[in-house]
Amino acid sequence: MPYNWGWRYLILLAALPCLITIPLLHICDESVRYLAVKGRLDEVKIICDKISEQNNAAKLNGEIFCPPAKKSVKALNTDLFKEPFLRRTVLLVITFGASVWVFYAFMYLLPDMMAHGYCHLSDWFQVTHLNENGCEIYTREEYVFLIVVNLLYLPGYTISPITAEYWGRRPTLWYSFWGGLVTTILLLICIHPVVVYINLFLVINFYGISVATLWLYVPENYPTILRSSATGAHNGFSKVGAACGTFLTEYLDSVQIRYSIAVLVVVLVISSIATLFFQLETKGKSLKDGGDTKISPEPMSEISLQERMNKTDEPHTI
């Protein structure tokens, strides 16, 4: 982007995709639970029939009934740091914060690696230069490179749900963190520009896998009463990692790029070790089983909700 356009135009351009949500308001169906609570059971029946039709499943039989709301028990955020959740909370804070730290660090580190010619990366194409006003100008090649780098996150996000379901959440976190650690160490050694590019590709994908898996794994570690608070709290804790990855990397890059990579190695050593201490494997379990305080190896029932509801003519509870 030309330097005289300013950041306001870039932010406006980034906000334009949000306009897609406006027509979605008229396309997406309302929550059936919300409609049931409001007594709009006819709309519930229409939406459920629509879902059944889209999934080639039998339509619901019988009457839909919404029982009166029960008095709920409140969970506090402080419960996350009490037994039996203390251990998993601390481990998730470390790993989630570290993965976000690395994610944002590399977003800032890559342009600086190119601009300062780290490991002769800049020999391959023209990089940042100063214009007549003394402003740093990113070249077209650098913008293309950053676009390609962001697209390289897609394989990691694609691989994550596959390995998480096939191998399990814990093994996926193990190989993504430890693989990321090894490739980051190789970046620090700086063997050859080609090796650096390959390592950058691997690092980006390893941490795409780790972030996507943690978004899946975090809510599965807590019971329903605490799940929303836990997800929000861990999202908040991850912002600490995002801040460190942004500001600390920017500062260290101004001194020596190797310092930034060395800090990332230390962060990854701690978080990779933390992945070895996860006890709960949630693969093949329902949310209720996964969030239970007991670590049960029993898989969830294979009888789907649709099959159970079709087995009875009793009122269906929303």
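Anything mentioned here points back to the structure above.
Here is a short report on the structure shown in this document. (Residues numbered from 1 in each chain as written. Predicted model: local features only at pLDDT ≥ 70, side-chain atom pairs only at ≥ 80, totals over all residues. Heavy atoms only, no water.)

Mapped onto the fold, T213 is located in helix α9 (residues 193-220). For T213, a relative accessible area of 0% gives the class buried. (Helix = DSSP H or I, 4+ residues; strand = E, 2+ residues; numbered from the N terminus. Buried < 20%, exposed > 50% of the residue type's maximum accessible area, 1.4 Å probe, protein only.)

Before going further, it helps to examine the environment of T172. Its place among the elements puts T172 in helix α8 (residues 169-189). Here T172 falls in the buried class, since its relative accessible area comes to 0%. With residues near it in sequence (within four places) discarded, T172 still touches S160, T163, A164, I209 and T213. A distance of 3.3 Å separates the side chain of T172 from the backbone nitrogen of A164, its partner in a polar contact. Among the polar contacts listed, one links the side chain of T172 to the backbone oxygen of G168, at a separation of 2.8 Å. (Contact = heavy atoms within 4.5 Å. Polar contact = N/O pair within 3.5 Å; in protein donor to acceptor, adjacent residues only side chain to side chain.)

Trans is the common state for peptide bonds, and a negative phi is the common state for residues other than glycine. Following E83, the chain continues into P84 via a peptide bond in cis, with omega recorded as 10°. Within the secondary structure layout, P84 lies in the loop between β1 (64-65) and α5 (86-115). With a phi close to 55°, N56 is a non-glycine residue in the positive phi region. Within the secondary structure layout, N56 lies in the loop between α4 (41-54) and β1. On the accessibility criterion, N56 (74% relative accessible area) is exposed.

At a minimum axis separation of 9 Å, α8 and helix α11 (residues 257-275) run at an interaxial angle of 160°. By the angle between their axes, α8 is roughly antiparallel relative to α11. Handedness of the crossing formed by α8 with α11: left-handed. Facing α8, whose interface residues are L173, W174, F177, W178, G180, L181, T184, I185, L187, L188 and I189, α11 presents R258, I261, A262, L264, V265, L268, V269, S271, S272, I273 and T275. Here the contact of α8 with α11 is composed, by residue class, of 16 nonpolar, 5 polar and 1 charged. (Axes fitted to C-alpha atoms, helices over the stretch in contact; angles between N-to-C directions. Parallel < 35°, antiparallel > 145°, perpendicular 65-115°, else oblique. Left-handed = near helix turned anticlockwise from the far one by under 90°. Nonpolar A, V, L, I, M, F, W, Y, C, P; charged D, E, K, R; others polar.)

In this section: the pattern of salt bridges. Tallied over the entire structure, the rule returns 7 salt bridges. When the shortest N-O distance is used, the salt bridge between D29 and K50 registers 3.3 Å. Remark: K50 occurs in helix α4 and D29 occurs in the loop between α2 (21-27) and α3 (32-37); sequence separation between them is 21 residues. Of the residues examined, K50 reaches a relative accessible area of 34% and is grouped as partly exposed. (Salt bridge = Lys/Arg side-chain N within 4 Å of Asp/Glu carboxyl O.)

Here the focus is α9. Taking 1.5 Å per residue, 28 residues should reach 40 Å; α9 reaches 41 Å between its end C-alpha atoms and fits that length. Of all bends in α9, the biggest is about 25°, found at L214. Burial within α9 is extensive, with 20 of its 28 residues counted as buried. (Expected span 1.5 Å × (residues − 1). Bend = angle between axes of the 7 residues up to and from the residue.)

Between its first and last C-alpha atoms α11 spans 27 Å; for 19 residues at 1.5 Å apiece the expected length is 27 Å, and the two agree. Here α11 has its buried residues at I257, S260, I261, L264, V265, V267, L268, S271, S272, A274 and T275.

Here we take up a nonpolar patch on the surface. A cluster of nonpolar side chains, contributed by L10, L12, L13, L16, L19 and I22, occupies part of the molecular surface with about 560 Å² of accessible area. In terms of residues, the nonpolar patch owes the most to one element, helix α1 (residues 7-15), which gives 3 residues. Its location among the elements puts L13 in helix α1. (Patch = residues over 30% accessible without salt bridge, like charges linked within 9 Å, V, L, I, M, F, W, Y side chains within 5 Å. Areas by Shrake-Rupley, 256 points an atom, 1.4 Å probe, with all protein chains shown as cover.)

Right, let's get into the nonpolar core. In terms of nonpolar packing, the biggest core is built from 47 residues, with F106 and M113 touching the most fellow members. Top element by residues in this core is α5. It accounts for 13 residues. If sequence neighbours within four positions are ignored, F106 has contacts with T184, L187, L200, V203 and L264. (Core = buried A, V, L, I, M, F, W, Y, C linked by side-chain atoms within 4.5 Å.)

Attention now moves to the environment of G284. Mapping G284 onto the fold places it in the loop between α11 and α12 (287-291). The partly exposed category is assigned to G284, whose relative accessible area is 33%. C-alpha of G284 to C-alpha of Y166: the two residues are 118 residues apart in sequence and 9.5 Å apart in space.

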